[in-house]
Amino acid sequence: MADEVVLLDFWPSPFGMRLRIALAEKGIKHEYKEEDLKNKSPLLLKSNPVHKKIPVLIHNGKPVSESLIALQYIDETWNDNAPLLPSDPYLRSQAKFWAEFVDKKVADFGRKVCMTKGEEQEAAKNGLLDCIELLEGELGEKPYFGGETLGFVDVTLVPCYGWLSVYEKFGNFSIEAEHPVFIAWGKRCLQKKSVSKSLPDQQKLYDFVVQLRKRHEIE
Amino acid sequence: METHSKKMAEVKLFRTWSSRFALRIVWALKLKDVQYDTIFEDLSNKSPLLLQYNPVHKKVPVLVHNGKSVAESLVILEYIEETWKQNPLLSEDPHERAAARFWAKFGDEKVLPSIWEAFNSEGKEQEEGIVKAKENLKYLEEELKGKKFFGGEHIGFADIALGWLAELENVFEEVASMKVIAEDEFPLLSEWKRTFADAPIIKENWPPRDKLVTKYQAFREANLLNKAPK
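Throughout this document, residue positions are counted from 1 along each chain, in the order its sequence is written. Starting at A for chains and at 1 for ligands, labels are handed out in the order in which the entities are written. Residues qualify for local features only when their pLDDT is at least 70, as the model is predicted, and side-chain atom pairs are given and counted only at 80 or more; totals for whole chains, interfaces and linings, by contrast, use all residues. Computation of side-chain values covers all heavy atoms of the structure but excludes hydrogens and water.

**Some points on the overall build of chain B**
Step number 1: Looking only at helices and strands, chain B features 11 helices and 4 strands.
Step number 2: Relative to the 2.2 N^0.38 estimate, which gives 17 Å for 230 residues, the radius of gyration of chain B is 18 Å and therefore close to what a compact globule would have.
Step number 3: Judged by the C-alpha coordinates and their principal axes, chain B covers about 60 × 45 × 30 Å.
Step number 4: The contact criterion used is simple: two residues touch if any of their non-hydrogen atoms lie within 4.5 Å. Contacts spanning at least 24 positions in sequence make up 71% of the contacts within chain B whose residues lie at least 6 apart.
Step number 5: Under the counting rule used here, the positive set is Lys and Arg, the negative set is Asp and Glu, and His together with the chain ends is not counted. Here the site of a charge means atom NZ of a Lys, CZ of an Arg, CG of an Asp or CD of a Glu. Within chain B, one finds 34 positive and 38 negative side-chain charges whose respective centroids are separated by 4 Å. Helical segments are the DSSP runs of H or I of at least four residues, strand segments are the runs of E of at least two, and each set is numbered from the N terminus. Within these notes, the globule rule equals 2.2 Å times the number of residues to the 0.38 power, and the radius of gyration is based on C-alpha atoms.

Spelled out as structure tokens, the structure:
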């Protein structure tokens, strides 16, 4: 029986990017459906009635919401190639810990750098830099957080790398200057086709945030 | 005595007497019959060991197994599940696993904050808070249709993550003089609360209720005082 896989997504979403990368890494054929968040489709509302958010992965008609939960689902279901999590329980727990850290802190700080100003923005900039420093410590000498190959943490974090130049422009700061290890890791990930084709064009992202800020009257 | 203290337990749990997150780990370890040592922390004076084992968040609970530490309660639960395979908390089916994780996360990110918001309010603000909390709880009520526990026939991952609803939530209702999970509005959730709270492992491990009431009374008083005058 052929698997039917649909991804409900929104092109700038760092959460959606995670699933795009995972599906590409594992070579999973799927249908990509772009959602208009100002006019959510009946399929989205039916598939994620609790949160009404993207991304949603729909596998043979059954939806899975929340990007990290969907990542684990993808890893557990298509477990025959490109594993995102290692097999050792302790190493798995460390990967999940850092993925949660990225999910709760990095994405939020990043959003605030783009969508706030003044003191709140300053705090977000510092928060983001602190997170990156901690993550560099965790990466250490490894090429990827997953070791020799892209892993769970890499897939969770690299969309934020995809947003980096946008954070830098709106925050008026340079992350590259202070964190060359992080930049080197990001560039290494981008060399993978699964990553490069899943991250949107930087200019398009920038223009999107300009519009978003206008709509929310942030200047 | 000396021999016992020299023989380090393989599994250690850093917790406080009241932490609902740490309680999840107690329940999981006991359900799987895993022997462990408890180290009680005073969060106003954290031990060097806790800071060493959880340098990123400096919080409880932390599980230490053979010297290696795991932090964040839901991450710890999954570690326990993968390490000690008896009495599984998660189904083998990936979709059911995803659902259990979803409800656990929903509990932490939506249900708990909305009930906590209502708890720290009074009058009209509290009424509005209760309405919001009930909107979240309706999803849990729906999820329980045809099931004894969120995990099905047996206590599972989501039950343990949501377990604070079975007792601590009662404490919140009492201290804040509010009714959130009413029997007529939430018959399945009310029944689940009783069944879960009555399960032997759970029943034996609740923190003392009177201590909880005192603690949360103090919290509420402080939080109400801190609220800016309208």
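**Examining the interface of chain A and chain B**
Step number 1: The interface of chain A with chain B comprises 28 residues on the first partner and 24 residues on the second.
Step number 2: When a carboxyl oxygen of Asp or Glu lies within 4 Å of a side-chain nitrogen of Lys or Arg, that pair is called a salt bridge. Here chain A is connected to chain B by 7 salt bridges.
Step number 3: Here Lys96 of chain A ties to Glu82 of chain B by a salt bridge, and the two come within 3.1 Å at their closest N and O atoms.
Step number 4: Whenever two N or O atoms come within 3.5 Å, that pair is a polar contact, provided that in protein one can donate a hydrogen and the other can accept it, and provided that, for residues adjacent in sequence, both atoms are side-chain atoms. Here chain A and chain B share 10 residue pairs in polar contact (both at pLDDT 80 or more) between them.
Step number 5: Those elements giving two or more residues to the side of chain A that touches chain B turn out to be strand E4 (62–65), helix H3 (67–77) and helix H4 (89–115) of chain A.
Step number 6: The biggest single contributor to the side of chain A that touches chain B is H4 of chain A, with 13 residues.
Step number 7: For this classification, Asp, Glu, Lys and Arg are treated as charged, while Ala, Val, Leu, Ile, Met, Phe, Trp, Tyr, Cys and Pro are nonpolar and the rest, including Gly, are polar. Looking at the side of chain A that touches chain B, its residues break down into 12 nonpolar, 6 polar and 10 charged.

**Thoughts on the packing of aromatic side chains**
Step number 1: Under the pairing criterion, centres of Phe, Tyr and Trp rings, with the six-membered ring standing for Trp, must be within 6.5 Å; the plane angle then separates stacked pairs below 30 degrees from edge-to-face pairs above 60, leaving the rest tilted. On inspection of all chains with the given rule, the structure shows 28 aromatic pairs over all chains.
Step number 2: Taken together, a centroid distance of 5.5 Å and an interplanar angle of 55° make the contact between Trp116 of chain B and Phe172 of chain B tilted. Remark: Phe172 of chain B occurs in helix H8 (residues 168–175) and Trp116 of chain B occurs in helix H5 (residues 94–119); sequence separation between them is 56 residues.
Step number 3: Members of the aromatic cluster, each reached through a chain of ring pairs, are Trp27, Phe150, Trp192, Phe196 and Trp206 of chain B.
Step number 4: Geometrically, a lysine NZ or arginine CZ counts as sitting over a ring once it is within 6 Å of the ring centre and also within 35 degrees of the ring normal. Here the guanidinium or amino end of Lys169 of chain A rests over the ring plane of Tyr206 of chain A, the centre of that ring lying 4.7 Å away.
Step number 5: Here Lys211 of chain B stacks its cationic end above the ring of Trp17 of chain B, 4.4 Å away from the centre of that ring.

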